[in-house]
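Reading the structure
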Amino acid sequence: MKEIKEIAEAYLRHQAAGKMTALATVVYLEGSSYRRPGARMLVSEDGELTGAISGGCLEGDALRKARLAMAQGVPALVKYDTMDDDDSHLGVGLGCNGIIYILIEPLTPGTNDQAVLLLQQALQQRKPAVVVTLFSLQDRKGQQFGTCFLAQEAGTQATPALPKALLPQVEADARHALRSGCSLHTSYAFQGKAYTAFVEVLEPAPALVICGTGNDVMPLVNLAHLLGWPTTVVDGRANYATRARFPNAQRVLISKPEGVLPQMEVDARTVFLLLTHNYHYDLAMLRQLLPLQVPYVGVLGPKKKMERMLAELATQEASFFDPEALKKVYGPVGLDVGAETPEEIALSILSEIKAVLSQRPGGFLREKKAPIHAAGQTSPLAETPL
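Residues numbered from 1 in each chain as written. Predicted model: local features only at pLDDT ≥ 70, side-chain atom pairs only at ≥ 80, totals over all residues. Heavy atoms only, no water.

**Some remarks on the overall build of the protein**
Here is the rule: By definition, any uninterrupted DSSP run of H or I lasting at least four residues is a helix, any uninterrupted run of E lasting at least two residues is a strand, and each is numbered from the N terminus. Each radius of gyration reported is based on C-alpha atoms, and the globular scaling rule is 2.2 Å times the count of residues to the power 0.38. Per-residue accessibility, obtained with a 1.4 Å probe over protein chains only, is compared with the maximum for each type, and a residue is labelled buried under 20%, exposed over 50%, and partly exposed between these values. The contact definition used throughout considers only heavy atoms, calling two residues in contact when any of these lie within 4.5 Å. Under the convention used here, a 1.4 Å probe and the Shrake-Rupley method define accessible areas, while residue burial counts only the protein chains that appear. Charge counting follows a simple rule: Lys and Arg are positive, Asp and Glu are negative, and His as well as the terminal groups are ignored. Think of each charge as sitting on NZ of Lys, CZ of Arg, CG of Asp or CD of Glu.
A tally of regular secondary structure across the protein gives nine helices and 16 strands. A compact globule built from 386 residues would reach a C-alpha radius of gyration of about 21 Å, and the protein, at 23 Å, matches this within 12%. With the C-alpha coordinates of the protein rotated into their principal frame, the extents come out at 70 × 45 × 40 Å. For the protein, the residues scored as buried account for 46% of the 386 residues in total. Long-range contacts, defined here as pairs at least 24 residues apart, represent 61% of the contacts in the protein between residues at least 6 apart. Accessible area for the protein stands at about 18800 Å²; split by element, carbon and sulfur atoms hold 53% of it. Across the protein, the 37 positively charged side chains and the 40 negatively charged ones have centroids separated by 3 Å.

Here's what the structure looks like:
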């Protein structure tokens, strides 16, 4: 969501300056590419780029195409075939070997462009959202409806661009994606033409709660900030838990263990790190966290410390040894990458969190037998005649 947030902020800045912009979105892919469907880039009329749709191979040509779309005032679907001799030079820098479709939607200054409005609304709350982008692979020079539908837990919203006849099926597919948590492609027939929908699930960024304010926490906060993960730092020591020490933290709290959770809004994307170097503080926090439905709890220290904590909790309440509850506890914390310095340890910890939330093993990519990015749960593109 960091990329979308940066695009929304840049859009407002360009709007205030009266500049025309265009939103470029990777909507469909055959084969391999540096970025997957859902990658976005905002282009201003003077050539400023926010976000990315590739590793740098496509941006220059996409800028020219975006300026043309701005001049014409209509969305355009651009195809890059890095398997074709004429286009292959575009992906040669990364060894890309795929067909990439990018939808470019011009955005007019002084208007409330619906495409960006839907993305802005998806950012308003820490809950999953689904954005639907509708385009025609069959007729790339024909009408492209673009980013046209948003589904959230609280309700749905369609832009005027979405044909009313397609609304029921689009809403049904968006609701299905919201329930399953999986993005998909599907297709519809409308007025004798086939249209493809990219039904994209947008998850909120992980929220990181770090109990501890030692020097080893500083690079963790800074790296999480770079990733766009909102971070809360908490400790019982007022002289350590200060804004001056952690300027990149979203919140800095002074609290005893029993006062931490009442000050939190914990959701399915909130993760905890117990790094206080205080056994009793970490133990008290772990006692509160085990019964909660959080996906990850990382505990600093050797394996013997972790075993001692669990043994002590077991003497107090046997339910703490629920196998499912213990699966979310990672102690010692971090991936085994040979980390030594605080910065390296921070990298190890955040990499483990990312792997857990993505349900990946965190191994070497060269040893993967399947593609790096799974094909995902894509519908069979069954047409809905209307």
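**Here's the deal with the packing of helix 6 (residues 279–289) against helix 7 (residues 303–316)**
Packed helix pairs are characterised by how far apart their axes lie and by the angle those axes make with each other. How we decide: Angles shown run from 0 to 180 degrees and are taken between the N-to-C directions of axes, each axis being a line fitted to C-alpha atoms and, for helices, limited to the stretch in contact. For classification, angles of less than 35 degrees are called roughly parallel, those exceeding 145 degrees roughly antiparallel, those between 65 and 115 degrees roughly perpendicular, and all remaining angles oblique. Crossing handedness: left-handed means the near helix sits turned counterclockwise from the far one by under a right angle, and right-handed means the same turn made clockwise.
Running from amino to carboxyl end, helix 6 crosses helix 7 at an angle of 55°, the nearest separation of the two axes being 11 Å. For the element pair helix 6 / helix 7, the angle class is oblique. Considering the relative orientation of helix 6 and helix 7, their crossing is right-handed. Within the contact between the two elements, helix 6 uses Tyr279, Asp282, Leu283, Leu286 and Arg287 and helix 7 uses Lys305, Met306, Arg308, Met309, Leu310, Glu312, Leu313 and Gln316.

**As for helix 7**
Stated formally: One less than the residue count of a helix, multiplied by 1.5 Å, gives the span that helix is expected to have. The arc refers to the directions leading from the helix axis to the C-beta atoms.
Look at helix 7: 21 Å from first C-alpha to last across 14 residues, which is about the 20 Å you get at 1.5 Å a residue. For helix 7, the complete set of buried residues consists of Lys305, Met306, Met309, Leu310 and Leu313. Looking straight down helix 7, one finds its buried side chains confined to an arc of 130°; they lie on one side. Turned more than 90 degrees from where helix 7 packs its buried face, Lys303, Lys304 and Thr315 sit exposed.

**Examining the sheet that holds strand 12 (residues 231–235)**
Put simply, the rule reads: By the convention used here, strands pair only if DSSP detects at least 2 bridges between them.
Strand order in the open sheet formed by six strands is 13-12-11-14-15-16, and the pairing between neighbours is parallel. One side of each edge strand has no neighbouring strand; the edge strands of this open sheet are strand 13 (251–254) and strand 16 (329–330). As defined by bridge partners, strand 15 (residues 297–299) adjoins strand 16 across two bridges and the pair is classed as parallel. Its bridge partner being in strand 16, Gly298 is matched across the sheet by Tyr330. Along the sheet, helix 5 (residues 217–227) contacts strand 11 (207–211), strand 12 and strand 14 (270–274); its crossing angle with strand 11, the most-contacted strand, is approximately 170°.

**Things to note about the UniProt feature "domain: XdhC- CoxI" (unreviewed entry) in the protein**
The following threshold applies: UniProt positions are given in the numbering used here, feature names are shortened, and annotations may be inferred rather than shown by experiment.
Mapped onto the present numbering, the UniProt feature "domain: XdhC- CoxI" (unreviewed entry) falls at residues 15–81. With 24% helix and 39% strand, residues 15–81 has its two end C-alpha atoms placed 33 Å apart.

**As for the pattern of salt bridges**
Heads up, the rule is: The salt bridge criterion pairs a side-chain nitrogen of Lys or Arg with a carboxyl oxygen of Asp or Glu, the two atoms within 4 Å.
A full pass over the atoms with the stated rule returns 13 salt bridges. For Arg64, the salt bridge goes to Asp61, with nearest N and O atoms at 3.2 Å. Taken together, the positions of Arg64 and Asp61, both in helix 2 (residues 59–72) and three residues apart, correspond to about one turn of that helix. Residue Arg64 is classed as exposed on the basis of its relative accessible area of 54%. By relative accessible area, Asp61 is classed as buried at 15%.

**Side note on the confidence of the model for the protein**
Our working rule: Each residue carries a pLDDT score, the predictor's own confidence in it, on a scale running from 0 to 100.
For the protein, the mean per-residue pLDDT works out to 89, and 90% of the residues sit at or above 70. Counting interchain partners and residues more than four positions distant, the pLDDT-below-50 stretch residues 376–386 has 26 contacts.

**Quick look at the sheet that holds strand 10 (residues 193–202)**
Reading across the sheet, the five strands line up as 8-7-6-10-9 and stay open at both edges, with antiparallel pairing between neighbours. The open sheet terminates on both sides in strands that have one partner only, identified here as strand 8 (155–158) and strand 9 (184–190). Averaged over all adjacent pairs, the angle separating strand axes in this sheet is 20°, with direction ignored. Pairing analysis gives seven bridges linking strand 9 to strand 10, with the strands arranged antiparallel.

**Concerning the environment of Ala24**
Secondary-structure assignment places Ala24 in strand 1 (residues 21–32). Exposure remark for Ala24: the relative accessible area of 2% places this residue in the buried category. Setting aside its immediate chain neighbours within four residues, Ala24 contacts Ala39, Arg40, Met41, Ile53, Ile102, Leu103 and Ile104.

**What about the nonpolar core?**
Counted only if it meets this: Residues enter a nonpolar core if they are buried and are Ala, Val, Leu, Ile, Met, Phe, Trp, Tyr or Cys, with the set joined through side-chain atoms within 4.5 Å.
Core analysis: the biggest nonpolar cluster contains 25 residues, and Leu274 and Leu286 have the highest contact counts within it. Elements that contribute at least two residues to this core include exactly strand 11, strand 14, helix 6, strand 15 and helix 7. For this core, the element with the most residues is helix 6, which contributes six residues. Non-local contacts of Leu274, meaning those with residues more than four positions away in its chain, are made with Cys211, Asp282, Met285, Leu286, Leu289, Val297, Gly298, Val299 and Leu300. Membership of the second largest hydrophobic core comes to 23 residues, among which are Val217, Trp229, Leu273 and Val356.

**Digging into the pairing of strand 10**
The buried fraction of strand 10 amounts to nine of the 10 residues, a majority that puts the element mostly inside the structure. The sheet contact formed by strand 6 (residues 129–135) and strand 10 spans seven bridges and is antiparallel. Within strand 10, the residue paired with Leu134 across the bridge is Ala197.

**What about unusual backbone geometry?**
Of note, the bond from Gly331 into Pro332 is cis; its omega dihedral lies within 30 degrees of zero at 5°. The phi dihedral of Gln191 is positive, around 50°, even though this residue is not glycine. You can see Gln191 is positioned in the loop between strand 9 and strand 10. The class of Gln191 is exposed, set by a relative accessible area of 65%. Here the phi dihedral of Gln359 falls at roughly 55°; this positive angle occurs in a residue that is not glycine.

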